[in-house]
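Structure at a glance
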Amino acid sequence: MWHFREFEDLDIHTLEEIYRLRVAVFIVEQECAYQEIDGKDESSLHLYKTDASEITAYLRIIREEPVSIGRVIVRSDRRGTGLGRELMVQAMEYVDAHHSGELIYLHGQAHLREYYESFGFRAVSERHLEDNIPHYHMEYKKGE
């Protein structure tokens, strides 16, 4: 089941599960030491999918200028199933409906560049390192 939740509508157990998933992937799995809880969750829409017992995919849409998509995660045991594509389809339908015509920003890992381009994003920077992982700054605007 897909969920779209404002920060204040997340119950404490769901928020803790989101943070555990983000830390497991971005800090432990990818071996990046950085401030995961960054103060942007309160201004974000949290999009996630649950199965019978847990969150299987997650991202947040930060509604600041510019609007951005971040923290895109599929739980490790669900990767390669198409769930990541489903997640981004949900996100793009939301931004097209609620932020149509606005520039949408994404800071994507370089190995996912073609994946994000398949949703209409385009790289607007040179490949660069962030936390020792190659990234691109990417942008999307409906109709471009």
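Structure: above.
Residues numbered from 1 in each chain as written. Predicted model: local features only at pLDDT ≥ 70, side-chain atom pairs only at ≥ 80, totals over all residues. Heavy atoms only, no water.

1. Things to note about unusual backbone geometry
- The peptide bond linking glutamate 65 to proline 66 adopts the cis configuration, its omega dihedral lying at -10°.
- If you trace the backbone, proline 66 turns up in the loop between strand S3 (55–62) and strand S4 (67–74). (Helix = DSSP H or I, 4+ residues; strand = E, 2+ residues; numbered from the N terminus.)

2. A short note on the pattern of salt bridges
- The full count for this structure, using the stated rule, is 15 salt bridges.
- Linking glutamate 16 and arginine 20 is a salt bridge whose minimum nitrogen-to-oxygen distance equals 2.9 Å. Taken as a pair, glutamate 16 and arginine 20 lie in helix H1 (residues 12–29) at a separation of 4 residues, close to a single helical turn.
- Its relative accessible area of 39% is what places glutamate 16 among the partly exposed residues.
- The closest approach of N and O atoms between aspartate 77 and arginine 75, which form a salt bridge, is 2.7 Å.
- Through salt bridges with shared partners, a single network forms among Arg22, Glu36, Asp38, Asp41, Arg60 and Arg71. (Salt bridge = Lys/Arg side-chain N within 4 Å of Asp/Glu carboxyl O. Buried < 20%, exposed > 50% of the residue type's maximum accessible area, 1.4 Å probe, protein only.)

3. Looking at the packing of aromatic side chains
- All told, the structure shown has 5 aromatic pairs when counted by the stated rule.
- Where tyrosine 115 meets phenylalanine 119, the ring centres are 5.3 Å apart and the plane angle is 80°; that geometry is what we call edge-to-face.
- The class of phenylalanine 119 is buried, set by a relative accessible area of 12%.
- Measuring from ring centre to ring centre gives 6.4 Å for tyrosine 116 and phenylalanine 121, while their planes differ by 75°; the resulting arrangement is edge-to-face. Of the two residues, tyrosine 116 and phenylalanine 121, neither departs from the other in class, the shared state being buried.
- Taken together, Tyr115, Tyr116, Phe119, Phe121 and Tyr140 form an aromatic cluster joined through their ring pairs.
- Just above the ring of tyrosine 136 sits the side chain of arginine 113; from NZ or CZ to the centre is 4.6 Å. (Phe/Tyr/Trp six-rings, centres within 6.5 Å; stacked < 30°, edge-to-face > 60°. Lys NZ or Arg CZ within 6 Å of the ring centre and 35° of its normal.)

4. Some thoughts on the side chain of threonine 14
- Relative to the helices and strands, threonine 14 resides in helix H1.
- In contact with threonine 14, not counting residues within four places along its chain, are Tyr48 and Ile55. (Contact = heavy atoms within 4.5 Å.)

5. Things to note about helix H2 (residues 83–98)
- For H2, with 16 residues, the first-to-last C-alpha span of 23 Å sits near the 22 Å given by 1.5 Å per residue.
- Listing the buried residues of H2 in full gives Leu83, Gly84, Leu87, Met88, Gln90, Ala91, Met92, Tyr94 and Val95. (Expected span 1.5 Å × (residues − 1).)

6. Thoughts on the nonpolar core
- Membership of the largest hydrophobic core comes to 24 residues, with the highest contact counts inside it found for Leu59, Ile61, Ile69, Met88, Met92, Val95 and Phe121.
- Those elements giving two or more residues to this core turn out to be strand S2 (44–50), S3, S4, H2, strand S5 (104–109) and strand S8 (133–140).
- In terms of residue count, H2 provides more of this core than any other element does, 7 residues in total.
- Residue contacts for leucine 59: discarding those within four places in its chain leaves Leu45, His46, Leu47, Ile69, Gly70, Arg71, Val72, Leu87, Met88 and Ala91.
- The next biggest cluster of nonpolar side chains, apart from the first, holds 11 residues, and it includes Leu10, Tyr19, Tyr58 and Ile73. (Core = buried A, V, L, I, M, F, W, Y, C linked by side-chain atoms within 4.5 Å.)

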